[in-house]
Amino acid sequence: MNDLLAPPGAERSGTRVPYREGYGTQDHRLVCTHIQTVTAEMKTFVFEPAAPGLFRYEPGQYLAFTFGIDGREVDRCYTLSSAPTRPHAVAITVKRVPGGLVSNWLHDRLAPGDLVRARGPLGHFSTARYPAPSYLFLSGGSGITPLMSMTRTLYDLASPADVVFVHSARTPKDVPFRQELELIARTAPQVRVVHVCEDDGPAPPPWHGHRGRLTPDMLRRIAPDFPEREVFTCGPPGYMRAVRRMLSEAGLPKEHYHQESFDAAQEGSGRAQEGFWTAQERFEATRERTSGADSAAAPADAATFTVKLARSGTTLECGAGTPVLEATARAGITLPSSCGEGVCGSCMTTLEKGSVDMRHNGGIRPRDTARNKILLCCSTPLEDLVIDA
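Now for a quick tour of the structure. Note that the structure is predicted; figures quoted are calculated from it, not measured.

Here we look at the side chain of Arg229
Along the chain, the position of Arg229 falls in the loop between α4 (216-222) and β13 (230-235). A distance of 2.5 Å separates a polar atom in the side chain of Arg229 from a polar atom in the side chain of Asp162. A polar atom in the side chain of Arg229 sits 2.9 Å from the side chain of Asp225. Not counting residues up to four positions away in its chain, the partners in contact with Arg229 are Ser134, Tyr135, Leu136, Asp162, Val163, Val164, Ala223, Leu252 and His256.

Shown next as C-alpha coordinates:
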(Lines give C-alpha, C1' and ligand atoms only; values in the text may rest on other atoms or scores of the structure.)
Protein backbone atom coordinates (compact mmCIF):
# COMPACT_ATOMS: atom_id res chain seq x y z
CA MET A 1 0.00 0.00 0.00
CA ASN A 2 1.49 3.35 -1.01
CA ASP A 3 1.39 6.63 0.86
CA LEU A 4 -1.30 8.50 -1.06
CA LEU A 5 -3.82 5.90 -2.20
CA ALA A 6 -5.56 3.28 -0.10
CA PRO A 7 -7.40 0.36 -1.72
CA PRO A 8 -11.09 0.88 -2.54
CA GLY A 9 -13.42 0.02 0.29
CA ALA A 10 -10.93 0.98 2.99
CA GLU A 11 -13.39 3.38 4.57
CA ARG A 12 -15.94 0.56 4.84
CA SER A 13 -13.62 -1.78 6.70
CA GLY A 14 -14.68 -0.39 10.07
CA THR A 15 -11.34 1.29 10.76
CA ARG A 16 -10.21 4.76 9.85
CA VAL A 17 -7.46 4.88 7.24
CA PRO A 18 -4.42 5.97 9.27
CA TYR A 19 -2.15 8.87 8.55
CA ARG A 20 1.20 7.65 7.30
CA GLU A 21 4.63 8.94 8.24
CA GLY A 22 7.22 9.43 5.54
CA TYR A 23 7.04 10.46 1.91
CA GLY A 24 5.50 8.90 -1.15
CA THR A 25 7.95 8.42 -4.01
CA GLN A 26 5.70 6.53 -6.40
CA ASP A 27 4.01 8.30 -9.30
CA HIS A 28 0.22 8.32 -9.17
CA ARG A 29 -1.94 8.90 -12.25
CA LEU A 30 -4.76 11.33 -11.52
CA VAL A 31 -7.61 12.39 -13.77
CA CYS A 32 -9.11 15.88 -13.60
CA THR A 33 -12.84 15.53 -13.00
CA HIS A 34 -13.98 19.13 -12.76
CA ILE A 35 -12.80 22.71 -12.36
CA GLN A 36 -14.36 25.34 -10.11
CA THR A 37 -13.92 29.12 -10.26
CA VAL A 38 -13.01 30.44 -6.79
CA THR A 39 -12.19 34.08 -7.55
CA ALA A 40 -11.40 35.98 -10.74
CA GLU A 41 -7.78 34.80 -10.41
CA MET A 42 -8.15 31.43 -8.66
CA LYS A 43 -9.52 28.06 -9.72
CA THR A 44 -9.87 24.73 -7.95
CA PHE A 45 -8.89 21.61 -9.89
CA VAL A 46 -10.41 18.36 -8.64
CA PHE A 47 -8.76 15.00 -9.32
CA GLU A 48 -9.72 11.38 -8.84
CA PRO A 49 -7.37 8.37 -9.10
CA ALA A 50 -7.14 6.87 -12.58
CA ALA A 51 -7.34 3.43 -10.92
CA PRO A 52 -9.83 2.68 -8.13
CA GLY A 53 -8.63 3.86 -4.75
CA LEU A 54 -9.12 6.32 -1.91
CA PHE A 55 -6.83 9.20 -1.03
CA ARG A 56 -5.22 9.47 2.38
CA TYR A 57 -3.09 12.33 3.60
CA GLU A 58 -2.83 14.85 6.41
CA PRO A 59 -4.69 18.17 6.11
CA GLY A 60 -2.16 20.78 4.97
CA GLN A 61 0.07 18.41 3.00
CA TYR A 62 0.91 18.83 -0.67
CA LEU A 63 1.62 16.83 -3.83
CA ALA A 64 4.50 17.12 -6.28
CA PHE A 65 2.88 17.24 -9.73
CA THR A 66 4.42 16.59 -13.12
CA PHE A 67 2.64 18.31 -16.02
CA GLY A 68 3.28 17.78 -19.72
CA ILE A 69 3.47 21.29 -21.17
CA ASP A 70 4.46 21.98 -24.79
CA GLY A 71 6.29 18.70 -25.14
CA ARG A 72 8.27 18.81 -21.90
CA GLU A 73 7.72 17.76 -18.31
CA VAL A 74 7.41 20.50 -15.69
CA ASP A 75 7.31 19.87 -11.93
CA ARG A 76 5.34 21.96 -9.44
CA CYS A 77 4.21 21.41 -5.86
CA TYR A 78 0.69 22.35 -4.81
CA THR A 79 -1.04 22.15 -1.45
CA LEU A 80 -4.21 20.09 -1.30
CA SER A 81 -7.08 22.42 -0.47
CA SER A 82 -9.36 19.40 -0.10
CA ALA A 83 -9.87 17.48 3.14
CA PRO A 84 -8.77 13.88 3.79
CA THR A 85 -12.16 13.29 5.39
CA ARG A 86 -13.51 13.30 1.82
CA PRO A 87 -11.25 10.57 0.39
CA HIS A 88 -12.71 10.01 -3.08
CA ALA A 89 -11.05 13.07 -4.63
CA VAL A 90 -8.29 15.60 -4.01
CA ALA A 91 -8.18 19.23 -5.07
CA ILE A 92 -5.65 22.01 -5.55
CA THR A 93 -6.53 25.69 -5.72
CA VAL A 94 -4.22 27.72 -7.94
CA LYS A 95 -3.93 31.45 -8.48
CA ARG A 96 -3.07 32.66 -11.97
CA VAL A 97 0.35 34.31 -11.90
CA PRO A 98 1.15 36.84 -14.66
CA GLY A 99 3.71 35.17 -16.90
CA GLY A 100 3.53 31.95 -14.88
CA LEU A 101 4.13 28.85 -16.98
CA VAL A 102 2.16 26.32 -14.96
CA SER A 103 -0.57 28.47 -13.41
CA ASN A 104 -1.60 29.83 -16.82
CA TRP A 105 -1.47 26.37 -18.38
CA LEU A 106 -3.72 25.03 -15.63
CA HIS A 107 -6.19 27.90 -15.98
CA ASP A 108 -6.27 27.91 -19.78
CA ARG A 109 -5.61 24.36 -20.94
CA LEU A 110 -6.21 21.71 -18.29
CA ALA A 111 -9.66 20.20 -18.83
CA PRO A 112 -11.82 17.50 -17.24
CA GLY A 113 -10.65 14.11 -18.44
CA ASP A 114 -6.97 15.10 -18.64
CA LEU A 115 -4.40 12.94 -16.85
CA VAL A 116 -1.54 14.22 -14.69
CA ARG A 117 1.11 12.58 -12.51
CA ALA A 118 1.76 13.34 -8.86
CA ARG A 119 3.88 12.11 -5.96
CA GLY A 120 3.20 12.44 -2.28
CA PRO A 121 1.72 13.31 0.11
CA LEU A 122 4.50 15.58 1.35
CA GLY A 123 5.04 18.01 4.19
CA HIS A 124 4.74 18.31 7.96
CA PHE A 125 2.56 21.45 8.07
CA SER A 126 -0.58 19.90 9.53
CA THR A 127 -2.85 20.07 12.54
CA ALA A 128 -2.71 16.27 12.55
CA ARG A 129 0.84 16.57 13.90
CA TYR A 130 0.04 19.29 16.44
CA PRO A 131 -3.31 18.54 18.12
CA ALA A 132 -4.45 21.39 20.35
CA PRO A 133 -7.61 22.67 22.06
CA SER A 134 -7.43 25.97 20.16
CA TYR A 135 -5.92 27.18 16.89
CA LEU A 136 -5.21 30.45 15.14
CA PHE A 137 -5.04 30.21 11.34
CA LEU A 138 -3.44 33.19 9.58
CA SER A 139 -3.26 33.29 5.79
CA GLY A 140 -2.61 35.74 3.00
CA GLY A 141 -3.44 35.33 -0.69
CA SER A 142 -2.90 31.79 -1.99
CA GLY A 143 -1.66 30.76 1.45
CA ILE A 144 -5.25 29.99 2.37
CA THR A 145 -5.12 26.55 0.73
CA PRO A 146 -3.51 24.42 3.50
CA LEU A 147 -5.55 26.19 6.16
CA MET A 148 -8.70 25.55 4.15
CA SER A 149 -7.84 21.84 4.17
CA MET A 150 -7.34 21.93 7.94
CA THR A 151 -10.58 23.85 8.54
CA ARG A 152 -12.62 21.52 6.33
CA THR A 153 -11.18 18.52 8.15
CA LEU A 154 -11.89 19.86 11.64
CA TYR A 155 -15.42 20.77 10.53
CA ASP A 156 -16.10 17.34 9.01
CA LEU A 157 -14.87 15.61 12.18
CA ALA A 158 -17.00 17.88 14.39
CA SER A 159 -13.83 18.68 16.29
CA PRO A 160 -14.36 20.62 19.53
CA ALA A 161 -11.17 22.61 18.89
CA ASP A 162 -11.69 26.36 19.00
CA VAL A 163 -10.56 27.90 15.68
CA VAL A 164 -10.02 31.53 14.71
CA PHE A 165 -9.33 31.83 10.98
CA VAL A 166 -8.02 35.22 9.79
CA HIS A 167 -7.44 35.69 6.06
CA SER A 168 -5.90 38.79 4.47
CA ALA A 169 -6.83 39.79 0.90
CA ARG A 170 -6.61 42.82 -1.35
CA THR A 171 -10.37 43.31 -1.78
CA PRO A 172 -13.55 41.44 -0.76
CA LYS A 173 -13.76 39.93 -4.25
CA ASP A 174 -10.29 38.41 -3.76
CA VAL A 175 -11.31 36.38 -0.67
CA PRO A 176 -11.31 32.67 -1.64
CA PHE A 177 -13.96 30.29 -0.29
CA ARG A 178 -15.77 33.19 1.37
CA GLN A 179 -19.27 31.67 1.26
CA GLU A 180 -18.08 28.24 2.41
CA LEU A 181 -16.12 29.69 5.32
CA GLU A 182 -19.11 31.80 6.38
CA LEU A 183 -21.31 28.68 6.25
CA ILE A 184 -18.82 26.77 8.41
CA ALA A 185 -18.73 29.64 10.92
CA ARG A 186 -22.55 29.78 11.07
CA THR A 187 -22.98 26.04 11.64
CA ALA A 188 -19.94 25.39 13.87
CA PRO A 189 -19.92 27.74 16.87
CA GLN A 190 -16.32 26.82 17.70
CA VAL A 191 -15.08 28.23 14.36
CA ARG A 192 -14.77 31.99 13.85
CA VAL A 193 -13.78 33.44 10.47
CA VAL A 194 -12.45 36.97 9.99
CA HIS A 195 -11.42 38.61 6.71
CA VAL A 196 -9.06 41.58 6.47
CA CYS A 197 -9.19 43.54 3.20
CA GLU A 198 -6.82 46.30 2.15
CA ASP A 199 -9.59 48.28 0.41
CA ASP A 200 -13.09 48.04 -1.07
CA GLY A 201 -11.94 47.18 -4.56
CA PRO A 202 -13.24 48.68 -7.82
CA ALA A 203 -16.91 47.78 -7.35
CA PRO A 204 -19.54 48.12 -4.59
CA PRO A 205 -20.70 47.18 -2.05
CA PRO A 206 -18.32 48.88 0.39
CA TRP A 207 -16.35 46.71 2.81
CA HIS A 208 -17.47 47.00 6.43
CA GLY A 209 -15.04 44.50 7.94
CA HIS A 210 -11.43 44.89 9.06
CA ARG A 211 -9.52 47.14 6.70
CA GLY A 212 -5.85 47.55 5.86
CA ARG A 213 -3.20 45.04 6.85
CA LEU A 214 -3.09 42.77 9.87
CA THR A 215 -1.53 44.55 12.86
CA PRO A 216 -0.83 43.50 16.45
CA ASP A 217 -3.70 45.67 17.74
CA MET A 218 -6.09 44.21 15.16
CA LEU A 219 -5.04 40.67 16.06
CA ARG A 220 -5.55 41.36 19.78
CA ARG A 221 -9.08 42.58 19.04
CA ILE A 222 -9.84 39.51 16.95
CA ALA A 223 -8.21 36.89 19.20
CA PRO A 224 -7.04 38.31 22.53
CA ASP A 225 -5.81 34.87 23.63
CA PHE A 226 -3.69 34.23 20.53
CA PRO A 227 -0.45 33.64 22.52
CA GLU A 228 -2.18 30.58 24.02
CA ARG A 229 -3.20 29.11 20.67
CA GLU A 230 -1.41 26.79 18.27
CA VAL A 231 -0.70 29.05 15.28
CA PHE A 232 -0.56 27.97 11.64
CA THR A 233 0.22 30.61 9.06
CA CYS A 234 0.83 30.62 5.32
CA GLY A 235 1.23 33.27 2.64
CA PRO A 236 3.68 35.22 0.48
CA PRO A 237 7.20 35.79 1.89
CA GLY A 238 6.56 39.44 2.87
CA TYR A 239 3.39 38.50 4.70
CA MET A 240 5.15 35.64 6.44
CA ARG A 241 8.03 37.80 7.63
CA ALA A 242 5.64 40.41 9.01
CA VAL A 243 3.48 37.83 10.79
CA ARG A 244 6.44 35.96 12.23
CA ARG A 245 7.95 39.17 13.59
CA MET A 246 4.61 40.38 14.95
CA LEU A 247 3.89 37.13 16.79
CA SER A 248 7.43 36.86 18.13
CA GLU A 249 7.32 40.41 19.52
CA ALA A 250 3.92 39.67 21.05
CA GLY A 251 5.40 36.78 23.02
CA LEU A 252 4.04 33.76 21.17
CA PRO A 253 6.15 30.71 22.17
CA LYS A 254 8.16 29.48 19.19
CA GLU A 255 7.02 25.91 19.70
CA HIS A 256 3.43 27.01 19.00
CA TYR A 257 4.26 28.63 15.66
CA HIS A 258 4.12 26.71 12.36
CA GLN A 259 4.43 28.16 8.88
CA GLU A 260 4.45 27.25 5.21
CA SER A 261 5.55 29.90 2.74
CA PHE A 262 4.40 30.57 -0.80
CA ASP A 263 6.53 32.32 -3.40
CA ALA A 264 5.18 32.73 -6.91
CA ALA A 265 7.35 35.70 -7.81
CA GLN A 266 9.66 33.69 -10.06
CA GLU A 267 7.01 31.70 -11.97
CA GLY A 268 7.67 33.73 -15.08
CA SER A 269 11.02 32.02 -15.45
CA GLY A 270 9.23 28.76 -16.16
CA ARG A 271 11.30 26.95 -13.54
CA ALA A 272 10.39 28.51 -10.22
CA GLN A 273 7.84 27.05 -7.87
CA GLU A 274 4.37 28.33 -7.08
CA GLY A 275 4.44 27.01 -3.57
CA PHE A 276 6.20 26.46 -0.32
CA TRP A 277 9.56 27.39 1.06
CA THR A 278 11.91 29.40 -1.09
CA ALA A 279 15.55 28.51 -0.53
CA GLN A 280 16.09 31.78 1.33
CA GLU A 281 13.06 31.23 3.59
CA ARG A 282 14.23 27.70 4.31
CA PHE A 283 17.70 28.96 5.21
CA GLU A 284 16.30 31.75 7.40
CA ALA A 285 14.12 29.28 9.30
CA THR A 286 17.08 26.96 9.82
CA ARG A 287 19.25 29.84 11.00
CA GLU A 288 16.58 30.90 13.50
CA ARG A 289 16.28 27.38 14.90
CA THR A 290 20.03 26.85 15.22
CA SER A 291 21.07 30.34 16.24
CA GLY A 292 23.59 30.11 19.06
CA ALA A 293 23.69 26.31 18.99
CA ASP A 294 27.31 25.17 18.92
CA SER A 295 26.25 21.69 17.89
CA ALA A 296 24.87 23.07 14.63
CA ALA A 297 28.14 24.68 13.62
CA ALA A 298 30.43 22.88 11.20
CA PRO A 299 33.86 21.88 12.49
CA ALA A 300 36.46 24.53 11.84
CA ASP A 301 38.59 22.14 9.80
CA ALA A 302 35.73 20.84 7.62
CA ALA A 303 36.47 20.82 3.88
CA THR A 304 35.11 23.68 1.81
CA PHE A 305 34.58 23.58 -1.93
CA THR A 306 33.72 26.18 -4.56
CA VAL A 307 30.49 26.10 -6.54
CA LYS A 308 30.41 28.06 -9.80
CA LEU A 309 27.04 29.01 -11.27
CA ALA A 310 27.73 28.76 -15.00
CA ARG A 311 25.00 31.10 -16.20
CA SER A 312 25.81 34.05 -13.97
CA GLY A 313 29.49 33.31 -13.46
CA THR A 314 29.02 33.63 -9.69
CA THR A 315 31.30 31.53 -7.48
CA LEU A 316 30.50 30.72 -3.87
CA GLU A 317 31.74 28.43 -1.12
CA CYS A 318 29.98 25.31 0.08
CA GLY A 319 31.11 23.22 3.01
CA ALA A 320 31.33 19.46 2.86
CA GLY A 321 28.02 18.06 4.04
CA THR A 322 26.15 21.26 3.15
CA PRO A 323 23.46 20.97 0.43
CA VAL A 324 24.28 23.16 -2.56
CA LEU A 325 20.85 24.78 -2.36
CA GLU A 326 21.52 25.88 1.23
CA ALA A 327 24.90 27.33 0.23
CA THR A 328 23.33 29.41 -2.54
CA ALA A 329 20.67 30.67 -0.14
CA ARG A 330 23.36 31.70 2.34
CA ALA A 331 24.95 33.69 -0.47
CA GLY A 332 21.65 35.49 -1.10
CA ILE A 333 20.92 33.60 -4.33
CA THR A 334 17.44 32.14 -4.77
CA LEU A 335 17.23 29.17 -7.12
CA PRO A 336 14.09 27.23 -8.11
CA SER A 337 13.10 24.85 -5.32
CA SER A 338 10.11 23.60 -3.43
CA CYS A 339 10.03 20.54 -1.18
CA GLY A 340 13.64 20.62 0.04
CA GLU A 341 13.34 16.86 0.63
CA GLY A 342 14.67 15.41 -2.64
CA VAL A 343 11.15 14.50 -3.74
CA CYS A 344 9.59 17.01 -6.11
CA GLY A 345 12.48 17.46 -8.56
CA SER A 346 11.99 21.20 -8.95
CA CYS A 347 15.61 22.05 -8.06
CA MET A 348 17.03 19.71 -10.70
CA THR A 349 19.93 21.09 -12.69
CA THR A 350 22.94 19.85 -14.68
CA LEU A 351 26.24 19.15 -12.96
CA GLU A 352 28.79 20.37 -15.51
CA LYS A 353 31.90 19.61 -13.49
CA GLY A 354 32.74 17.83 -10.24
CA SER A 355 30.94 15.21 -8.18
CA VAL A 356 28.37 15.22 -5.39
CA ASP A 357 26.83 12.95 -2.80
CA MET A 358 23.12 13.00 -3.69
CA ARG A 359 20.67 11.38 -1.27
CA HIS A 360 17.24 11.92 -2.77
CA ASN A 361 13.80 10.50 -2.00
CA GLY A 362 12.66 9.57 -5.47
CA GLY A 363 12.69 13.06 -6.99
CA ILE A 364 15.01 12.20 -9.86
CA ARG A 365 14.87 9.38 -12.40
CA PRO A 366 17.77 7.15 -13.49
CA ARG A 367 17.66 8.58 -17.00
CA ASP A 368 18.20 12.05 -15.52
CA THR A 369 21.15 11.03 -13.36
CA ALA A 370 22.64 9.41 -16.46
CA ARG A 371 22.58 12.89 -18.04
CA ASN A 372 24.47 14.40 -15.07
CA LYS A 373 21.35 15.89 -13.50
CA ILE A 374 21.34 16.49 -9.74
CA LEU A 375 18.93 17.81 -7.13
CA LEU A 376 20.47 20.82 -5.40
CA CYS A 377 18.46 20.40 -2.19
CA CYS A 378 19.99 17.00 -1.36
CA SER A 379 23.40 17.13 -3.08
CA THR A 380 26.54 17.90 -1.09
CA PRO A 381 29.87 18.54 -2.83
CA LEU A 382 32.72 16.04 -2.92
CA GLU A 383 34.95 18.47 -4.86
CA ASP A 384 34.74 21.84 -6.61
CA LEU A 385 31.59 22.11 -8.74
CA VAL A 386 30.26 23.87 -11.81
CA ILE A 387 26.46 23.76 -12.17
CA ASP A 388 24.06 25.00 -14.82
CA ALA A 389 22.43 27.76 -12.81
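Structural notes on the nonpolar core
Ranked by internal contacts, the top residues of the largest apolar core, which has 24 residues, are Phe47, Phe65, Phe67 and Leu106. Elements represented by at least two residues in this core include exactly β2 (28-37), β3 (42-49), β5 (62-69), β6 (72-79), β7 (90-95), α1 (101-108) and β8 (115-122). At four residues, β5 tops the list of elements feeding residues into this core. Once residues within four sequence positions are removed from consideration, Phe67 is found in contact with Arg72, Glu73, Val74, Arg76, Tyr78, Val102, Trp105, Leu106 and Val116. Core analysis: the next-biggest nonpolar cluster, separate from the first, contains 21 residues, Leu335, Leu351, Leu375 and Ile387 among them.

Quick look at the sheet that holds strand β15 (residues 304-309)
With mixed pairing, the five strands of this open sheet are ordered in space as β16-β15-β21-β17-β19. The sheet terminates laterally at β16 (315-319) and β19 (373-375), the two strands that pair on one side only. With direction set aside, neighbouring strand axes in the sheet form an average angle of 40 degrees. Direction of pairing for β15 relative to strand β21 (residues 385-387): parallel, over a ladder of three bridges. Each bridged residue has a counterpart across the sheet, and for Val307 the counterpart in β21 is Leu385.

Conventions used here
- Residues numbered from 1 in each chain as written.
- Predicted model: local features only at pLDDT ≥ 70, side-chain atom pairs only at ≥ 80, totals over all residues.
- Heavy atoms only, no water.
- Helix = DSSP H or I, 4+ residues; strand = E, 2+ residues; numbered from the N terminus.
- Polar contact = N/O pair within 3.5 Å; in protein donor to acceptor, adjacent residues only side chain to side chain.
- Contact = heavy atoms within 4.5 Å.
- Core = buried A, V, L, I, M, F, W, Y, C linked by side-chain atoms within 4.5 Å.
- Buried < 20%, exposed > 50% of the residue type's maximum accessible area, 1.4 Å probe, protein only.
- Pairing = 2+ DSSP bridges.
- Axes fitted to C-alpha atoms, helices over the stretch in contact; angles between N-to-C directions.

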